[in-house]
Amino acid sequence: MRIATWNVNSITARLPRLLAWLEKSGTDVLCVQETKTTAEAFPAEALREVGYESAVNATGRWNGVALISRVGLDDVVPGLPGGPDYDGVTEPRAISATCGPVRLWSVYVPNGREVGHDHYTYKLRWFEALRAAVSDDAAGPRPFAVLGDYNVAPTDDDVWDPTVFEDSTHVTAPERDALTALRSTGLSDVVPRPLKYERPYTYWDYRQLAFPKNRGMRIDLVYGNEPFAKAVSDSYVDREERKGKGASDHAPVVVDLDV
DNA sequence: ATGACGATTGGAAATCGA
C-alpha cells in the first residue's frame, strides 16, 4: 500500500499534474494540503473518474485539506476537535479518515508568520490541540499516522542554512518542543530518503532559484505510531514533482507500507 | 536542464506563504 502527503498549493492549479502523478506513482491514499478552494469547487468528479474517493475540509481561498483514496475512505472527521480559532474563524486545516487498514490525518499546521505574532501563538495552540486529539489513536494497536505540512523543520539539518533562519518561525524551540510533545504520544518521525543530495527536503521557495540550488527545508512530515512505523518498507521525497512549469513549491512525500 | 515567485480574488493590487 502506497500513501503520500503533498502540499499542492491550489488543487485547481495543480489538477493536471496531480492526476498524472497519481497514475504514475500508483499512490493509494494521498493526504493533500492547501487545496485553496471551496468544498463545492473541489475536483471530486475528476478524481472519481480515475478511481479515487475524496474527503474534503475546505472553505475558500486559504488553507484547505483533503484525503484522496482508492482503498476505502470511512469514518471521516473534518477539522481538529478542540482546535483554536484564528480571528474568530475555524480554519480548515485537518481531516482524518480510515483508509483500509490504516487511520490517517491530513494536516496543514498554521505558518506562524513571525515569532511573537498572534499567528505564532495560534500555531502553538493548534499543535497542543493536535497532540490531545491524536493521543488515543497514537497509542492504539491500529496503524495510524499524521501526515502533512507541519511548518516546522524538526532539526537544523532539515534547513539548507540554519543561520538564515535564526529567530525565524519554523525552527524555534517552542515549535520543535511541540513536535517532541506530539511524538511523546507514541508517534515517530518516518524520515524519507532523498532521491538526490544529502537531505530529504520537501519544500523549496519559488524565488531566487531555491530549487536548483537545493535551498530547501523538510517541513512535510509523516508521524506514525509503532504499528505504522513497523509496516514502513520505504519512504522517499519525489523531488521530480518539484521540477518544471506548474509545480507546487512542495514535493510529495511517499510512504510504502506492508499492511 | 531543475532556472530568477505563484495563487487567489477580482478585474488592480493586496494577501499569504516560510
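All values reported here derive from a predicted model rather than from experimental measurement.

The number of helices and strands found in chain A is 5 helices and 14 strands. Taking the principal axes of the C-alpha coordinates as reference, chain A spans close to 45 × 40 × 40 Å. Counting only residues that meet the buried cut, chain A has 56% of its 259 residues in that class. Sequence-distant contacts in chain A: of pairs separated by 6 or more residues, those separated by 24 or more amount to 71%. Between the centroid of the 29 positive side chains of chain A and the centroid of its 38 negative side chains there is a distance of 5 Å.

This brings us to the UniProt feature "domain: Endonuclease/exonuclease/phosphatase" (unreviewed entry) in chain A. UniProt's entry tags residues 4–250 with the feature "domain: Endonuclease/exonuclease/phosphatase" (unreviewed entry), counted in the numbering of this structure. Counted over residues 4–250, helix gives 24% and strand 24%. Its end C-alpha atoms are 12 Å apart.

A few words now on the side chain of S10. Mapped onto the secondary structure, S10 falls in the loop between strand 1 (2–7) and helix 1 (11–25). According to the relative accessible area criterion, S10 is buried, its value standing at 13%. At 3.0 Å, the side chain of S10 forms a polar contact with the backbone nitrogen of A13. In this structure S10 touches E34, T35 and K36, once residues within four positions along its chain are discounted.

Cut-offs used in this document
All chains use their own residue numbering, which begins from 1 and follows the written sequence. Numbering of ligands from 1 and lettering of chains from A proceed in the order in which they are written. Local features are withheld for residues below a pLDDT of 70 in this predicted model, meaning they are given only at 70 or higher, and side-chain atom pairs are given and counted only at 80 or more; totals for whole chains, interfaces and linings count all residues. The basis for the side-chain values is all heavy atoms of the structure; hydrogens and waters are excluded. Secondary structure counts use DSSP, requiring at least four H or I residues in a row for a helix and at least two E residues in a row for a strand, with both numbered from the N terminus. Note on classification: 1.4 Å probe, protein chains only; a residue is buried when its accessible area is under 20% of the maximum for its type, exposed when over 50%, partly exposed between these limits. Note on definitions: a residue-residue contact is assigned when non-hydrogen atoms from the two residues lie within 4.5 Å. We count Lys and Arg on the positive side and Asp and Glu on the negative side, and we leave His and both chain ends out. We put the charge of a Lys on NZ, of an Arg on CZ, of an Asp on CG and of a Glu on CD. UniProt positions are given in the numbering used here, feature names are shortened, and annotations may be inferred rather than shown by experiment. Definition of a polar contact: a pair of N or O atoms within 3.5 Å, with one able to donate and the other able to accept a hydrogen when the atoms are protein atoms, and with sequence-neighbouring residues admitted only if both atoms are side-chain atoms.

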